[in-house]
Amino acid sequence: MPQHPKQAWPYPEVVAHRGGGTLAPENTVAGFREGMRYGYRAAECDVKLSADNVCFLLHDDTVDRTSNGKGAARAKTMAELSQLDAGGWKGGAFAGEALPTLANVAAYCLAQRMLLNIEIKPCPGRFEETGRLVAQEAARLWAGASAPPLLSSFEIDALRAAQAAEPALPRAFLCEEIPANWRAILAELDCVALHCDHKTLTEELARDIKAAGYQLLCYTVNDPADARRLLAWGVDSLCTDRLDLLPARG
Ligand code: G3P
Ligand code: CA
């Protein structure tokens, strides 16, 4: 399979964090619908593996905070996860919302022409297999699509496994603080972008990253003044919980 073309992901100015920010239950199709309602072209979500190796959406290591279940996500099969209510914690209007598989979300995004940033968020101890299986599933689900999903991760081992499995899918290195050796990491993983916590970015680093030819995304930007400053520094995309942060465009 050919290497990915650089700039393979369009990097819209705003990206909805965990589907629909804080307006809907995170990492659910209801969240993606909320993003669409605000005119968003792109969303981010967190993906891990169930006990029976199905790729599904969840941020935490346990299901406790964002569902009516209890316990470690890695110990549950997809059949068990599918029984959970992943919406009721966010209010009665969302009660009964399913905990989706990556396939569920791919179907929604492809039908709505919504771009997806898949954050590979492995359960403890499952870094490499999660990177490999998420990349393979993403390549299968988006085969023939006009825009591929973008894979990102804090875990270098997961990104390396994704790169080995599906080199054509675009990748981004995700970090809180930008490490001194960011150039070497991006080159080794053949990434198109760096994604960082906006609080740790400086104007100088933003200039260097852009000058090196990479896309730059900051998370989680919820203040309009921060948004304007970061865009003025050359940041391409802002991942936000506040869907009213900026008019969704580009
Ligand atoms: O991908 C950016 C952001 O989502 C990373 O932080 O904790 O929300 O997954 P977190
Ligand atoms: Ca995330």
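Residues numbered from 1 in each chain as written. Chains lettered and ligands numbered in written order. Predicted model: local features only at pLDDT ≥ 70, side-chain atom pairs only at ≥ 80, totals over all residues. Heavy atoms only, no water.

Per an unreviewed UniProt entry, the protein goes by Glycerophosphodiester phosphodiesterase and derives from Chromobacterium vaccinii.

Novice: Explain the site of ligand 1 residue by residue, including any values.
Specialist: Around ligand 1, a shell composed of His-17, Arg-18, Glu-44, Asp-46, His-59, Glu-119, Lys-121, Phe-154, Leu-174 and Tyr-219 is seen. The separation between an oxygen atom of ligand 1 and a polar side-chain atom of Asp-46 is 3.4 Å. His-59 places a polar side-chain atom, nitrogen or oxygen, 2.7 Å from an oxygen atom of ligand 1. Relative to its unbound accessible surface of 290 Å², ligand 1 loses 90% to contact with the protein. A breakdown of the residues in the shell around ligand 1 according to their chemical character gives three nonpolar, two polar and five charged. (Near = heavy atom within 4 Å. Polar contact = N/O pair within 3.5 Å; in protein donor to acceptor, adjacent residues only side chain to side chain. Areas by Shrake-Rupley, 256 points an atom, 1.4 Å probe, with all protein chains shown as cover. Nonpolar A, V, L, I, M, F, W, Y, C, P; charged D, E, K, R; others polar.)

Novice: Got a sec to walk through the pattern of salt bridges? Specific residues and values, please.
Specialist: Under the defined criterion, the tally for this structure stands at 14 salt bridges. We note a salt bridge from Arg-140 to Glu-137, for which the minimum N-O separation is 3.0 Å. Taken together, the positions of Arg-140 and Glu-137, both in helix H4 (residues 127-141) and three residues apart, correspond to about one turn of that helix. The exposed category is assigned to Arg-140, whose relative accessible area is 54%. According to the relative accessible area criterion, Glu-137 is buried, its value standing at 18%. Ionic pairing is found between Arg-229 and Asp-226, a salt bridge with its closest N-O pair at 3.0 Å. Here Arg-229 and its partner Asp-226 are both found in helix H8 (residues 224-232), three residues apart, which amounts to about one turn of the helix. Each member of the salt-bridge network shares a partner with another, and the members are Arg-18, Glu-26, Asp-46, Asp-60 and Arg-65. (Salt bridge = Lys/Arg side-chain N within 4 Å of Asp/Glu carboxyl O. Helix = DSSP H or I, 4+ residues; strand = E, 2+ residues; numbered from the N terminus. Buried < 20%, exposed > 50% of the residue type's maximum accessible area, 1.4 Å probe, protein only.)

Novice: Which residues make up helix H5 (residues 156-165), and what are the values?
Specialist: Those residues of H5 lying buried are Ala-158, Leu-159, Ala-161, Ala-162 and Gln-163. Where H5 is buried, its residues meet strand S4 (115-120), H4, strand S5 (150-153), strand S6 (171-175) and helix H6 (182-188). (Contact = heavy atoms within 4.5 Å.)

Novice: Which residues make up the packing of H4 against H5, and what values do they have?
Specialist: Relative to each other, H4 and H5 sit at 40°, their axes nearing to 7 Å. Here H4 lies oblique to H5, going by the angle between them. Taken as a pair, H4 and H5 cross one another with a handedness that is right-handed. When H4 is examined against H5, the residues Phe-127, Glu-128, Gly-131, Arg-132, Ala-135 and Gln-136 are found in contact with a partner set consisting of Asp-157, Ala-158, Ala-161, Ala-162 and Ala-165. (Axes fitted to C-alpha atoms, helices over the stretch in contact; angles between N-to-C directions. Parallel < 35°, antiparallel > 145°, perpendicular 65-115°, else oblique. Left-handed = near helix turned anticlockwise from the far one by under 90°.)

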